[in-house]
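For reference, the chains in residue letters:
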Amino acid sequence: MRFHSPQKLKTIADLIGSKYIGPEDFEVLGTNEIHRVRPGDIVFVNHPKYYDKALNSAATVILIDKEVECPEGKALLVSDDPFRDFNAINTHFTRIYNFTEELHDVEIGEGTKIHSSAVIGNNVKIGKNTLIFPNVVIGDRTEIGDNVIIQSNTVLGGDAFYYRKLNGNFDRLISVGNVIIENNVEIGNGCTIDRGVTDSTIIGEGSVLDNQIQIGHDTVIGKKCLIASQVGIAGCCIIEDEVTIWGQVGIASGNKVEKGSVLLGKTGVNRDLEKGTYIGMFAEDFKTYLKKEVKLRNLK
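A brief report on the enclosed structure follows. (Residues numbered from 1 in each chain as written. Predicted model: local features only at pLDDT ≥ 70, side-chain atom pairs only at ≥ 80, totals over all residues. Heavy atoms only, no water.)

### Regarding helix α1 (residues 9-16)
Listing the buried residues of α1 in full gives Leu9, Ile12, Ala13 and Ile16. Projected down its long axis, α1 carries its buried residues within an arc of 100 degrees, all on one side. Positioned one or two residues after α1, Gly17 has a phi angle of 70 degrees, which is positive. (Buried < 20%, exposed > 50% of the residue type's maximum accessible area, 1.4 Å probe, protein only. Helix = DSSP H or I, 4+ residues; strand = E, 2+ residues; numbered from the N terminus. Arc of directions from axis to C-beta.)

### Quick look at a nonpolar patch on the surface
On the surface, Phe161, Tyr163 and Phe170 cluster together to form a nonpolar patch covering roughly 410 Å² of accessible area. Within the secondary structure, Phe161 sits in the loop between β15 (155-158) and β16 (163-166). (Patch = residues over 30% accessible without salt bridge, like charges linked within 9 Å, V, L, I, M, F, W, Y side chains within 5 Å. Areas by Shrake-Rupley, 256 points an atom, 1.4 Å probe, with all protein chains shown as cover. Salt bridge = Lys/Arg side-chain N within 4 Å of Asp/Glu carboxyl O.)

### What about the packing of α1 against helix α3 (residues 82-93)?
Close contact between α1 and α3 brings their axes to 10 Å; oriented N to C, the two are set at 110 degrees. Between α1 and α3, the interaxial angle falls into the category roughly perpendicular. Crossing hand, α1 versus α3: right-handed. Between α1 and α3, the contacting residues are Ile12, Leu15 and Ile16 on the first element and Asp85, Ala88, Ile89, His92 and Phe93 on the second. (Axes fitted to C-alpha atoms, helices over the stretch in contact; angles between N-to-C directions. Parallel < 35°, antiparallel > 145°, perpendicular 65-115°, else oblique. Left-handed = near helix turned anticlockwise from the far one by under 90°. Contact = heavy atoms within 4.5 Å.)

### Focus: the nonpolar core
By size, the foremost hydrophobic cluster in this structure holds 38 residues, and its most contacted members are Ile181, Ile233, Ile245 and Ile251. Among the nonpolar cores identified, the runner-up in size contains 22 residues, and Phe3, Ile16, Leu77 and Leu173 belong to it. (Core = buried A, V, L, I, M, F, W, Y, C linked by side-chain atoms within 4.5 Å.)

### A short note on the side chain of Thr142
As for its position among the elements, Thr142 is in the loop between β12 (137-138) and β13 (143-144). Among the polar contacts made by the side chain of Thr142, one reaches the main-chain carbonyl oxygen of Gly139 at a distance of 2.8 Å. Among all residues touching Thr142, those that are not within four sequence positions of it are Asn123, Val124, Lys125, Leu156, Gly157 and Val179. (Polar contact = N/O pair within 3.5 Å; in protein donor to acceptor, adjacent residues only side chain to side chain.)

Note that all results are geometric; they support no functional claim without further evidence.
As structure tokens, this is what we get:
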């Protein structure tokens, strides 16, 4: 999430009541998760296991739960609860409506047709010649391109599935990102595409999604991908261009699938995959899998 205008380190520290390390006028441009951080961003970390990753990331402000040595050219915000304060910063700069108010700053392009039963949030942009079927829900800040088809009961821009355990309950990291659907995308019935926590969940130009597909927060689907029904893709994944994913494939959080790959039905992905064709619970190379099956069947 980028702020509407640059902020100062002291301003952010005063907002959350934290100590800061660095010049008080140190420029802060926004917030982001560790997977998507850019220079000028705040990233939060609340476990020593991830200190080095956060401190050495592209982020230039680290919201952290312990005072540590600050890397050169960066700044720290020292908080007793970085998770809570990350939420506080995000919701201060991005108002959460959740369909409770119909302000409807919506842009709709020429030739677009939207069924009367569709529900559209605030600050939504929809391009030209797009077709939106009955009972579609489009969350706040969603951006939809030209010549897009979104079929019935699909939800774009639901909350990210991102929680921590706190005092015996689950505490949500509030989603202030969005969903971007690029030009010439087709999305089937009953799909759910979560908005990013602080960035964008993206469906690339020309991709086609079947029915009942779940795509998690901050995931990026490339151009001209083909995804069959009942696929589940967790958050922060990167699916490169022209990947084919067949039915009931599951992809764990934070994994990358290289351009042109094919994932056959019911494949499970728990690691990054180079270009190839895969099958099985742990994404085996398809030819290797077939050879293994032949050997097993010939055992007597």
